[in-house]
Amino acid sequence: MKIFITDGSSDSFFTAFFDAYSEKDCIITSCENVQPRFDSVVVRTESDGEKCERVKRGILKYDERALNDVLMTLRSCDSLKEQAAYDYLKRLFERKAPVGKAYNLPEVIIFNEIKDKVGKEIHKMTGFLRFMESKSGAFYAPYAPDNDITDLLMPHFAERFKAEKFVIHDTKRKIAGVYDGRDWIMCYAGEAEIYLSEYEKAFETLWKKYYRAANIKSRPHEKQMKGYMPVRYWKFLPEKHDGG
Amino acid sequence: MIDEKKLEILTESAKYDVSCSSSGSKRANTPGGLGNASFGGICHSFTPDGRCISLLKILMSNECIYDCEYCPNRRSADVPRARLTPDEICELTVNFYKRNYIEGLFLSSAVFDSPDKTMELLCETILKLRKLYRFNGYIHLKGIPHADGALMMKAARLADRMSYNIELPSEKSLKLLAPQKSRQSLIMPMMSLKEAMDYDRVNKVRKNKVLPAGQTTQMIIGASPESDGQILKLTEALYRRMNLKRVYYSSYIPVVKSDKLPAAGAGLLREHRLYQADWLIRFYGFDVDEICGEDENLSPDYDPKCAWALKNMQLFPVEINSAPLETLLRVPGIGARGAYKICEARKFASLDFDNLAKMRIVLKRAKHFITCKGKFYGSDSFAQVKTSLMLEGTNERAEQLSMFSERSVSLSALTGEL
């Protein structure tokens, strides 16, 4: 059995899919530490522009939405994302028609679950991202999402804060989206040093006071709070600092 | 900058309003402006009581000329009072919004000086926010009963959503508990707003539309003797004739000693059941008469859909692979998403019991009411079905009660509209 190892990019995945298409049984993954079976052959995939294009064209021919769905799934932190996308696309090519709603197939259910998790995190972050105002008047929001979603968040905030300048910094992946008041770009960003504006602390304090006052103390329901707002996100939420 | 203490007082007084949603509006950003509305709404935080924070929910003032029996802010109550200026509210909203703390503003107020004066200041605040601060985020404004109609219409062209709270489920109770508010003063503004929205829709008005996210209301449950059937009849009328987006219920818990009010609270289970019934009316194609008779109460033992199904066993079981969507929606354990998924999936292959489990249908309940490819997996004995559904109902109840049953609840829990 062959194990295709990609470099984690979508191009690398589509190339691997092309090479793996005729295999009966194979694994596609971007995980380096995959445990090979005794009879397995490891193949490292280099992105190939032409193979990549052919696969994408093929997908679009059968289902216009599937390409976007696959690209979304590939942003996941799930180590099975490539395999899920592979199994899903195999079904699509087999049927030559959309399979996204064939909930009777386990491959479709698994694929949708991974994809929906990415979509849900994007929606959650439109609410949980927290900006602080810097001395220069630009806004800065650090966060560490589970999935690679920063460039998908940028359009939402660029529309909302059209006239502002802001940076959204994924500290886990060391990348940032930068909006200058007109256009946005993605770039590398290691450590950031921020000088806060003179009012920043005061508004943060008001927000914490508001958060505490809005809570109905006599009706505690921590489980529900944590379900909606998982603890791993709290690091970047000022209202959850110092015991909020 | 706004005083911390004031913010605390006016947040505390506003937090019992149940509504928190920021959905229903597609307001776009303007050139050089700040913000837009997200149609589905966005939650920005969750408090330890499990509720979401979407909007900055505050009162402009908690100084009230009214003396509503159930309200902690009523004139005769001895509580700290505070008032904010329009500028203080605008500054706070804009700065919270820019930091992505909130989705917009939920502004309400106790009635100070006079209804007109109060409404005028509320209007001035949101006008400033829209025009001076060029704020295009979500605004929910609470309407002040008895205020001038022109003021209301002015506000309705600036806000995304407005609500007049109906307070109590019948005119008689309103007269007894909130004598200074009349049914007329609550229903009339809702009617005029509905007519204005209808006009905009018919004439395809795009600019400065009246309330793009519509109207909502709220009523207190259990402070007065109305049955669930009466409450749901009223709810149905509000949805179908008044086109309301939401009706909120808040279960009464005594915070105020009064011989006009019951000594015991209504309990959260009743509120929960009403919301379940509300959902059945809005999304599942049920009429109130099917769920609850005029003078009846909803069963505490089963959720309203189970209760309905148990009374209509002759309609079941239904075949998953052929039943129409409307029928699937009526099966206990199958929700709106589940029904939709079944309809989509069965175009590909006929479904068996295992498929449904993988699609996360609640089979514990559903199995008694369905067949898959003709096969039935439920119990043949009606008594057994009843018991197993009731057991689940009891779990629900146990959880509900244990969560909120502490003695301290009665001191500051839901009292409804403030």
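In this text, all values refer to a predicted model and were calculated from it rather than measured experimentally. (Residues numbered from 1 in each chain as written. Chains lettered and ligands numbered in written order. Predicted model: local features only at pLDDT ≥ 70, side-chain atom pairs only at ≥ 80, totals over all residues.)

Q: Please clarify how the overall build of chain A should be interpreted in this entry.
A: Along the backbone of chain A there are eight helices and eight strands. Residues classed as buried in chain A amount to 34% of the 244 residues present. Long-range pairs, those at least 24 residues apart, make up 65% of the contacts in chain A between residues at least 6 apart in sequence. (Helix = DSSP H or I, 4+ residues; strand = E, 2+ residues; numbered from the N terminus. Buried ≥ 20, exposed ≤ 12 C-beta atoms within 10 Å, placed from the backbone. Contact = placed C-beta atoms within 7 Å.)

Q: I would appreciate a short explanation of the sheet that holds strand β4 (residues 104–108) of chain B in the present structure.
A: For sheets, the rule is that strands pair by backbone hydrogen bonds, running either parallel or antiparallel. Residue and element names in this part refer to chain B. The strand order β3-β4-β5-β6-β7-β8 describes an open sheet built from six strands, whose pairing is parallel. Edge strands, defined here as strands with exactly one partner in the open sheet, are β3 (55–59) and β8 (246–251). Here the strands of the sheet are splayed against their neighbours by 20 degrees on average, with no regard to which way each runs. Taken together, the two bridges between strand β6 (residues 161–163) and strand β7 (residues 215–221) define a ladder with parallel strand orientation. Among the inter-strand pairings, Ser163 is bridged to a residue of β7, identified as Thr216. (Pairing = 2+ DSSP bridges. Axes fitted to C-alpha atoms, helices over the stretch in contact; angles between N-to-C directions.)

Q: Would you take a moment to explain helix α3 (residues 115–131) of chain B for this structure?
A: Spacing of three or four residues puts side chains on the same side of an α-helix, whose turn is 3.6 residues. All names here are of chain B. With 17 residues, α3 extends 24 Å from end C-alpha to end C-alpha; this agrees with the ideal 24 Å at 1.5 Å per step. Buried within α3 we find Pro115, Thr118, Met119, Leu121, Leu122, Cys123, Thr125, Ile126, Leu129 and Arg130. Where α3 is buried, its residues meet α2 (86–98), β4, β5 (138–142) and α4 (149–156). (Expected span 1.5 Å × (residues − 1).)

Q: What should I look at first to understand the environment of Tyr66 of chain B in this one?
A: Residues and elements named next belong to chain B. Relative to the helices and strands, Tyr66 is located in the loop between β3 and α2. Along the chain, Tyr66 and Ser114 lie 48 residues apart, while their C-alpha atoms are 9.9 Å from each other. In contact with Tyr66, not counting residues within four places along its chain, are Arg74, Arg75, Val111 and Gln180.

Q: What's the story with the confidence of the model for chain A in this structure? I'm lost.
A: Detailed conclusions should not be drawn from predicted coordinates in areas where pLDDT is low. When pLDDT is averaged across chain A, the result is 94; 100% of the residues are at 70 or more. Confidence scores differ between elements of chain A, with strand β3 (residues 41–44) of chain A showing the lowest mean pLDDT of 88 and strand β6 (residues 166–170) of chain A the highest of 98. (pLDDT = per-residue confidence, 0-100.)

Q: Can you help me understand the pairing of β6 of chain A in this one?
A: On any regular strand, side chains alternate: one points to one face of the sheet, the next to the other face. Residues and elements named next belong to chain A. Most of β6 sits inside the fold, with five of its five residues counted as buried. Side chains Phe166, Ile168 and Asp170 of β6 all project onto a buried face; the interleaved residues Val167 and His169 project onto the opposite face, where all are buried too. Examined bridge by bridge, strand β5 (residues 139–143) and β6 share five bridges and lie parallel to one another. Each bridged residue has a counterpart across the sheet, and for Ala141 the counterpart in β6 is Ile168. The parallel pair β5 and β6, bridged by helix α6 (residues 150–160), forms a crossover whose chirality is right-handed. As paired elements, β6 and strand β7 (residues 175–179) share five bridges and run antiparallel to each other. The partner of Asp170 across the bridge, within β7, is Ile175. Here β6 folds back onto β7, and the loop between the two strands holds four residues, one of which, Lys174, carries a positive phi near 55 degrees. (Right-handed = clockwise from strand over helix to strand, strands pointing away.)

Q: For this particular structure, what's the right way to read the domain arrangement of chain A?
A: You'll often see interface size given as the accessible area lost when the parts meet. Residues and elements named next belong to chain A. Each assigned domain of chain A is listed with its residue range as follows: domain 1 (2–120), domain 2 (125–188) and domain 3 (200–240). Here the C-alpha centre of domain 3 lies 22 Å away from the C-alpha centre of domain 2. Taken together, the contact between domain 2 and domain 3 spans six residues of the former and six residues of the latter. Looking at the side of domain 2 that touches domain 3, the elements that each hand over two or more residues are β4 (132–133) and β5. When its residues are assigned to classes, the side of domain 2 that touches domain 3 shows four nonpolar, no polar and two charged. (Domains from an automatic or database assignment. Nonpolar A, V, L, I, M, F, W, Y, C, P; charged D, E, K, R; others polar.)

Q: Even after reading the chapter, I still don't get the packing of helix α1 (residues 10–20) of chain A against helix α4 (residues 81–95) of chain A, so can you show me in this structure?
A: How two helices sit against one another is set out by the angle between their axes and by the gap between those axes. Residues and elements named next belong to chain A. Remark: α1 packs on α4, axes separated minimally by 11 Å, with the N-to-C direction vectors making an angle of 50 degrees. Of the possible angle classes, the one that applies to α1 and α4 is oblique. Of the two possible hands of crossing, α1 and α4 adopt the one that is right-handed. The residues of α4 that touch α1, namely those facing Phe13, Phe17 and Ala20, are Glu82, Ala85, Tyr86 and Leu89. Its residues placed into classes, the contact of α1 with α4 shows six nonpolar, no polar and one charged. (Parallel < 35°, antiparallel > 145°, perpendicular 65-115°, else oblique. Left-handed = near helix turned anticlockwise from the far one by under 90°.)

Q: Looking at this model, I keep getting lost on the nonpolar core. Mind explaining?
A: Generally speaking, a soluble globular protein has its nonpolar side chains buried in company with each other. The biggest cluster of nonpolar side chains holds 162 residues, and the ones touching the most others in it are Ala85 and Phe166 of chain A together with Leu107, Leu122, Ile126, Ala155 and Ala159 of chain B. No other element matches the seven residues that helix α5 (residues 106–128) of chain A contributes to this core. Aside from chain neighbours lying at most four places away, what touches Phe166 of chain A is Phe131, Ala138, Phe139, Ala141, Phe157, Phe161 and Tyr179 of chain A. (Core = buried A, V, L, I, M, F, W, Y, C linked by C-beta atoms within 7 Å.)

Q: I keep staring at the sheet that holds strand β1 (residues 2–5) of chain A and nothing clicks. Help me out?
A: All names here are of chain A. Read across the open sheet, the three strands follow the order β2-β1-β3; overall the sheet is parallel. Two strands in the sheet have a free side with no partner beyond their single neighbour: β2 (26–29) and β3. Recorded for the sheet is a direction-independent mean angle of 20 degrees between the axes of neighbouring strands. In this structure, β1 lies alongside β3, joined through four bridges in parallel fashion. Residue pairing for β3: Phe4 is matched across the bridge by Val43.

Q: I tried to follow the domain arrangement of chain B on my own but got confused; where do I start?
A: Domain annotation of chain B identifies domain 1 (4–213) and domain 2 (304–415). Its C-alpha centre places domain 1 of chain B at a distance of 38 Å from the equivalent point of domain 2 of chain B.

Q: Would you take a moment to explain the interface of chain A and chain B for this structure?
A: On the chain B side, the residues contacting the 40 residues of chain A number 49 residues. Element by element, the count of residues in the side of chain A that touches chain B is highest for helix α7 (residues 200–214) of chain A, at nine residues.

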